[in-house]
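Breakdown of the fold
So you can see what is in the structure, the chains are spelled out below.
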Amino acid sequence: MKWYLKVVRDNYANFNGRASRQEYWMFMLFNMIFAIIAMVADNILGSTFTVGSGYSEVSMGYGWVYLLYSLAIIIPAIAVFVRRMHDVGKSGWFCLIPIYNFILAVSEGDKGDNQYGPDPKEI
């Protein structure tokens, strides 16, 4: 939980520096948990969005609570991902390459300082 709060509170829109694997993946874990909670809240409140009409009407499974949570968390999520790319010595633009960015996200970061800052494990 401290990693999630660190990203949201301390580094909300900080695209500079580096983020360790632990910081990134713990943020992603709690982000997924909170997103599921938001979807459940939408379903309990009955505020889910629907698509279609009549017999073909289908509930999307999420509504306003999930939408507001997603909008609030999108900037820090992108920021922590860019900092994760910096940790492996790559530009933040690598987040646009679908499979390769996942490989970089699970890779160990550069040991010691790199062009993006000091090693987050040593701080």
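Attention in this report is confined to the structure presented alongside it. Only a predicted model underlies this, so the values are computations on that prediction, with no experimental measurement involved. (Residues numbered from 1 in each chain as written. Predicted model: local features only at pLDDT ≥ 70, side-chain atom pairs only at ≥ 80, totals over all residues. Heavy atoms only, no water.)

1. Quick look at the nonpolar core
Core analysis: the largest hydrophobic core is formed by 16 residues, its most contacted members being Y4, F27 and V80. Of the residues forming this core, the biggest block, six residues, is contributed by helix α3 (residues 64-87). When near neighbours in sequence (up to four residues on either side) are disregarded, V80 contacts V7, A19, E23, Y24 and F27. (Core = buried A, V, L, I, M, F, W, Y, C linked by side-chain atoms within 4.5 Å. Buried < 20%, exposed > 50% of the residue type's maximum accessible area, 1.4 Å probe, protein only. Helix = DSSP H or I, 4+ residues; strand = E, 2+ residues; numbered from the N terminus. Contact = heavy atoms within 4.5 Å.)

2. Remarks on the packing of helix α2 (residues 21-45) against helix α4 (residues 98-106)
Following both chains from N to C, one finds α2 and α4 inclined at 115 degrees, their axes separated by 9 Å at the closest point. Here R21, Y24 and W25 of α2 come into contact with α4, specifically with F102, A105 and V106. Split by residue class, the contact of α2 with α4 holds five nonpolar, no polar and one charged. (Axes fitted to C-alpha atoms, helices over the stretch in contact; angles between N-to-C directions. Nonpolar A, V, L, I, M, F, W, Y, C, P; charged D, E, K, R; others polar.)

3. Here's the deal with the side chain of E23
Position of E23 relative to the elements: it lies in helix α2. Relative accessible area serves as the criterion here: at 2%, E23 is assigned to the buried category. Of the polar contacts made by the side chain of E23, one reaches the side chain of R83; its length is 3.1 Å. Setting aside anything within four residues of it in sequence, one finds E23 in contact with W3, K6, V7, N11, R18, V80 and R83. (Polar contact = N/O pair within 3.5 Å; in protein donor to acceptor, adjacent residues only side chain to side chain.)

4. A look at α3
Between its first and last C-alpha, α3 extends 35 Å over 24 residues, near the 34 Å set by a 1.5 Å rise per residue. Approximately 40 degrees is the largest bend angle found in α3, and it occurs at I73, with the proline P76 only one to four residues beyond. The positive-phi residue at the C-terminal boundary of α3 is G89, with phi of around 85 degrees. (Expected span 1.5 Å × (residues − 1). Bend = angle between axes of the 7 residues up to and from the residue.)

5. Considering the environment of I44
Locating I44 in the fold gives a position in helix α2. Between the C-alpha atom of I44 and that of F102, which follows or precedes it by 58 residues, the distance is 34 Å.

6. Section: the pairing of strand β1 (residues 48-51)
On a regular strand, each side chain points to the face opposite its neighbour's, so the side chains alternate between the two faces of the sheet. Relative to strand β2 (residues 58-63), β1 runs antiparallel, the two being bridged by three bridges. Paired with T50 across the two strands is S59, which belongs to β2. Counting the residues between successive antiparallel strands, the hairpin from β1 to β2 contains six residues, one of them, G52, with a positive phi of roughly 90 degrees. (Pairing = 2+ DSSP bridges.)

7. Things to note about the pattern of salt bridges
Enumeration according to the criterion identifies five salt bridges in this entry. For R18, the salt bridge goes to D87, with nearest N and O atoms at 2.9 Å. Placement of R18 in the loop between α1 (2-10) and α2 and of D87 in helix α3 is noted, with a sequence separation of 69 residues between them. Across the pair, exposure class does not vary: R18 and D87 are buried alike. E108 serves as the salt-bridge partner of K111, at 2.3 Å between the closest nitrogen and oxygen. In the salt-bridge network here, residues are joined through shared partners; they are K6, E23 and R83. (Salt bridge = Lys/Arg side-chain N within 4 Å of Asp/Glu carboxyl O.)

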